[in-house]
Amino acid sequence: MKLASLKKGRDGELIIVSRDLKQAVKASDIAPTLQAALEDWANVESKLKARSDELEAGKAEGSFAFKQDDVDAVMPRNFQFLDGSAYLPHVERVRKARGAELPPQLLDDPLMYQAVNDGYDSPRDPIRVASEDYGIDFESEVGVIVDDVPMGVSEEEAGKHIKLILILNDVSLRKLIPSELAKGFGFIHGKPRSALSPVAITPDELGEAWKGYKVHLPLITHYKGEEFGRPNCGVDMQFSFARLVAHAAKTRPLAAGTLVGSGTIANRDESLGSSCLAEKNVLEVINEGEAKTGFMRFGDTVKIEMLDADGNSIFGSIEQTVEEYK
């Protein structure tokens, strides 16, 4: 089942999207928004699934052409966004860029921060930044959305609370981050809004690609129209999504609709490219003696997408252009 949000108010209007991303049908009579659906998932899931089946069979009343340009972020806002950093190759490379070593506890204890959640950019919104001097960077990630998760949940039980999967662009302002971290607290200026994919999917849509609470498919990033990276999300992921959810819920319950991110996808195999510019710059320094790529400038574009084994888009694409905020 694939779900999306039409632009309507602050929370959107829930729709169901066909597997080929060509048709959609409203589901607001079942649940007005995706947030409302997740808060009552046990009661609405079967109704949403039945309508999804009708849509796939061409029998859904009121169906219409689905256009990715017309939708909001699949979840326009929610109560919490907790972003992990489950790919240690990314952590190692980015920390090396600012002269920091990898703490040994990261091998066993996930790294996570609380991100912006009071609003997400739609998959076609520009990346609005006041200055190119901030070090504008994209971060291609996978995320999961949960229903209500009790505090202290086990890793095994945490996986059962994962209801939806999506992709996202977790924008970073790299040149603002070091001074913030040096204060001993977390990000504020260095982490603006993220953009979410056009649709979110139930885990069963991935078939065999959803194993061990990991997505075993490449996440493909194009930067300025050229392929930038396609690391496999199931490779080199130190902590599964079940582990990340359990970690997030150690001392707090998680409200339905909470988004938990994977962190930037990265593989040790450098031939697969990168999912952010910071990593690319570090690898250039290591391999060529200097960073050549730099960071994003006004007018630069990024596209993030995941394809199935037959080359079909799973979540739709995030396509953004950097724009000066005035």
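Conventions we followed
- Residues numbered from 1 in each chain as written.
- Predicted model: local features only at pLDDT ≥ 70, side-chain atom pairs only at ≥ 80, totals over all residues.
- Heavy atoms only, no water.
- Helix = DSSP H or I, 4+ residues; strand = E, 2+ residues; numbered from the N terminus.
- Rg over C-alpha atoms; globule rule 2.2 N^0.38 Å.
- Buried < 20%, exposed > 50% of the residue type's maximum accessible area, 1.4 Å probe, protein only.
- Areas by Shrake-Rupley, 256 points an atom, 1.4 Å probe, with all protein chains shown as cover.
- Lys, Arg positive; Asp, Glu negative; His and termini not counted.
- Charge placed at Lys NZ, Arg CZ, Asp CG, Glu CD.
- Salt bridge = Lys/Arg side-chain N within 4 Å of Asp/Glu carboxyl O.
- Contact = heavy atoms within 4.5 Å.

Overview of the overall build of the chain
Now for step 1: Helix and strand counts for the chain stand at seven helices and 20 strands.
Now for step 2: Computed over its C-alpha atoms, the radius of gyration of the chain comes to 19 Å, within 12% of the 20 Å expected for a compact globule of 326 residues.
Now for step 3: C-alpha extents for the chain along the principal axes are approximately 60 × 45 × 40 Å.
Now for step 4: Counting the 326 residues in the chain, one finds 55% classified as buried.
Now for step 5: Of the roughly 14,300 Å² of accessible surface on the chain, 47% is carried by carbon and sulfur atoms.
Now for step 6: When the 39 positive and 53 negative side-chain charges of the chain are each reduced to one mean point, those points stand 2 Å apart.

Focus: the pattern of salt bridges
In a structure, side chains of opposite charge can pair up when their charged atoms sit close to one another.
Now for step 1: As enumerated under the stated definition, the model contains 21 salt bridges in all.
Now for step 2: A salt bridge links Glu-13 to Lys-26, with the shortest nitrogen-to-oxygen separation between them at 3.7 Å. Taken together, the residues Glu-13 in strand E2 (residues 13-17) and Lys-26 in strand E3 (residues 23-26) connect sequence positions 13 residues apart.
Now for step 3: Note on Glu-13: relative accessible area 9%, which makes it buried.
Now for step 4: Between Lys-163 and Asp-147 there is a salt bridge whose closest N-O contact spans 3.9 Å. Of this pair, Lys-163 sits in strand E10 (residues 162-169) while Asp-147 sits in the loop between strand E9 (140-146) and helix H4 (155-160); the two residues are 16 residues apart in sequence, bridging distant segments of the chain.
Now for step 5: Through salt bridges with shared partners, a single network forms among Asp-137, Glu-139, Asp-170, Arg-174 and Lys-191.

A few points about the environment of Ile-145
Now for step 1: Topologically, Ile-145 is positioned in strand E9.
Now for step 2: For Ile-145, a relative accessible area of 0% puts it in the buried group.
Now for step 3: A C-alpha to C-alpha distance of 7.9 Å links Ile-145 and Ala-256, two positions 111 residues apart in sequence.
Now for step 4: Apart from residues no more than four positions distant in its own chain, Ile-145 is found in contact with Leu-38, Met-75, His-161, Ile-162, Lys-163, Leu-164, Leu-166, Gly-257, Thr-258 and Leu-259.

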